[in-house]
Amino acid sequence: MFSLNIIFTELRLNRRSLLIWTSVLAIVIIIYLGSFTYMEEMNVVEMIEGYPDLFTTGLGMSPEMFGDVNVYHSGLVMLYGLLLASIYAMMLAGSMVSRDSDLGTVEFLYTRPLTRTTILLSKVLSFLIMMLFLWAIAYLFSAVIGRVWVAPDNFDLSTQLLAHLMGLLACLAAGGVAFAVAPLINRVQGTTSIAIGLGFAFFIFNSLGSLYEQLRFLKYLSINHYADLTGAASGQAPVTGLIVLPLVFIAGVAIGIVMLNRKDFTD
């Protein structure tokens, strides 16, 4: 069902981008989580209480965010971390499939005694390994910065573990969407553009759905809503997200398998 050669090849080909994006996410955590104490001293809560909802609720910067380091980190810092990570997840998953058509390696890869299902599942497994690495490092940085530097007595490692788990599941769901779409696209640039567009769409849909009652339905189209990082940081397990996000990942992979097996590479 899996090809170790394909798995190791994908890990090798994508290790540089993985390290770059992981480093970017770590830097975001260091800068913004590390700024929590400074914001407390500035009385940011009082400063933003008079700001319009478009700025506070729409961007996830409600006054409540700055009163609890756990809610601040998961609900604000990791909200933007998820934006970056989900875009990378879709770029990674999409490029794994579209790269073969773009570079012409399908003529070699798809003539080997391997089924297309085995090829895609091997790529999916390598994607899963890289996402686990990304979020494990993110959690490690969060734990060290939060527990050692910012708030040794208040930074809750267990709720942060749940929040980072939800971030991982959200990225897997985003990758599932990319795996479903990628067989239709023959250029890596095409999957990259879709990844960036969908990443911001998920973020905007969730923001608009939270801001306007008339647009409430939009947030149900966003992985950010199901991740519910703020709720996870408050110790409330997002049960719906724990069900929906893995299902989206599985469904996306299943659709990708069907589409890839139907694709004609001779065109």
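Look up: the structure comes first, before these words.
As a starting point, this report considers the structure included with it. Please read these numbers as outputs of a predicted model, since none were measured by experiment.

Basis of the calculations
- Residues numbered from 1 in each chain as written.
- Predicted model: local features only at pLDDT ≥ 70, side-chain atom pairs only at ≥ 80, totals over all residues.
- Heavy atoms only, no water.
- Salt bridge = Lys/Arg side-chain N within 4 Å of Asp/Glu carboxyl O.
- Helix = DSSP H or I, 4+ residues; strand = E, 2+ residues; numbered from the N terminus.
- Buried < 20%, exposed > 50% of the residue type's maximum accessible area, 1.4 Å probe, protein only.
- Core = buried A, V, L, I, M, F, W, Y, C linked by side-chain atoms within 4.5 Å.
- Axes fitted to C-alpha atoms, helices over the stretch in contact; angles between N-to-C directions.
- Parallel < 35°, antiparallel > 145°, perpendicular 65-115°, else oblique.
- Left-handed = near helix turned anticlockwise from the far one by under 90°.
- Contact = heavy atoms within 4.5 Å.
- Expected span 1.5 Å × (residues − 1).
- Patch = residues over 30% accessible without salt bridge, like charges linked within 9 Å, V, L, I, M, F, W, Y side chains within 5 Å.
- Areas by Shrake-Rupley, 256 points an atom, 1.4 Å probe, with all protein chains shown as cover.
- Nonpolar A, V, L, I, M, F, W, Y, C, P; charged D, E, K, R; others polar.

### Quick look at the pattern of salt bridges
No. 1: Enumeration over the complete set of coordinates arrives at two salt bridges.
No. 2: Note that Glu 10 and Arg 99 form a salt bridge whose closest N and O atoms lie 2.5 Å from each other. Here Arg 99 lies in helix α5 (residues 69-103) and Glu 10 lies in helix α1 (residues 4-34), a separation of 89 residues in the sequence. Arg 99 matches Glu 10 in its accessibility class, with the two residues each being buried.
No. 3: Between Lys 123 and Glu 10 there is a salt bridge, and its shortest N-O distance comes to 2.6 Å. Taken as a pair, Lys 123 in helix α7 (residues 116-150) and Glu 10 in helix α1 lie far apart in primary sequence, 113 residues in all. Each member of the pair Lys 123 and Glu 10 is classed as buried.

### Thoughts on the nonpolar core
No. 1: Phe 127, Met 131, Leu 134, Trp 135, Phe 179 and Leu 245 are the most contacted members of the largest nonpolar core, which has 63 residues in total.
No. 2: Of all elements in the fold, only α1, α5, α7, α8 (157-181), α9 (188-211), α10 (223-227), α11 (229-233) and α12 (239-262) reach the threshold of two or more residues within this core.
No. 3: Sorting elements by how many residues they give to this core places α5 first, with 18 residues.

### Quick word on the packing of α8 against α12
No. 1: At a closest axis distance of 7 Å, the pairing of α8 and α12 adopts a crossing angle of 25 degrees. Relative to α12, the element α8 lies roughly parallel. Between α8 and α12 lies a crossing whose hand is left-handed. Across from Met 166, Leu 169, Ala 170, Leu 172, Ala 173, Gly 176, Val 177, Phe 179 and Ala 180 in α8, the residues of α12 making contact are Gly 241, Leu 242, Leu 245, Pro 246, Val 248, Phe 249, Gly 252, Val 253, Ile 255, Gly 256 and Met 259.

### As for α8
Helical geometry note: an α-helix holds 3.6 residues per turn, so side chains three or four residues apart project in the same direction.
No. 1: Here α8 is 25 residues long and its end C-alpha atoms lie 36 Å apart, about the 36 Å a rise of 1.5 Å per residue gives.
No. 2: Within α8, 19 of the 25 residues are buried, which leaves it mostly tucked inside the rest of the structure.

### So, a nonpolar patch on the surface
No. 1: Judged by side-chain polarity, Ile 27, Ile 30, Ile 31, Tyr 32, Leu 140, Phe 141, Val 144, Val 148 and Trp 149 come together as a nonpolar surface patch covering roughly 860 Å² of accessible area.
No. 2: Residue assignment for the nonpolar patch shows that the elements contributing at least two residues are α1 and α7.
No. 3: Sort the elements by how many residues they give to the nonpolar patch and α7 lands first, with five residues.
No. 4: Turning to its location among the elements, Tyr 32 is positioned in helix α1.

### Examining unusual backbone geometry
No. 1: Even without a glycine there, the phi angle at Asp 228 is positive, about 45 degrees.
No. 2: Considering the arrangement of structural elements, one finds Asp 228 in the loop between α10 and α11.

### Notes on the packing of α7 against α8
No. 1: Between α7 and α8, whose axes approach to 10 Å, the crossing angle comes to 150 degrees. Taken together, the axis directions place α7 and α8 in an arrangement best described as roughly antiparallel. The element α7 and its partner α8 pack so that their crossing is right-handed.
No. 2: Residue composition of the contact of α7 with α8, grouped by class: 16 nonpolar, five polar and two charged.

### Observations concerning the environment of Leu 25
No. 1: The topology assignment puts Leu 25 in helix α1.
No. 2: In the structure, Leu 25 is positioned 59 residues away from Leu 84 in sequence and 7.5 Å away in space, judged by C-alpha atoms.
No. 3: Leu 25 has contacts with Met 78, Gly 81, Leu 134 and Ala 138, leaving out every residue within four places of it along the chain.

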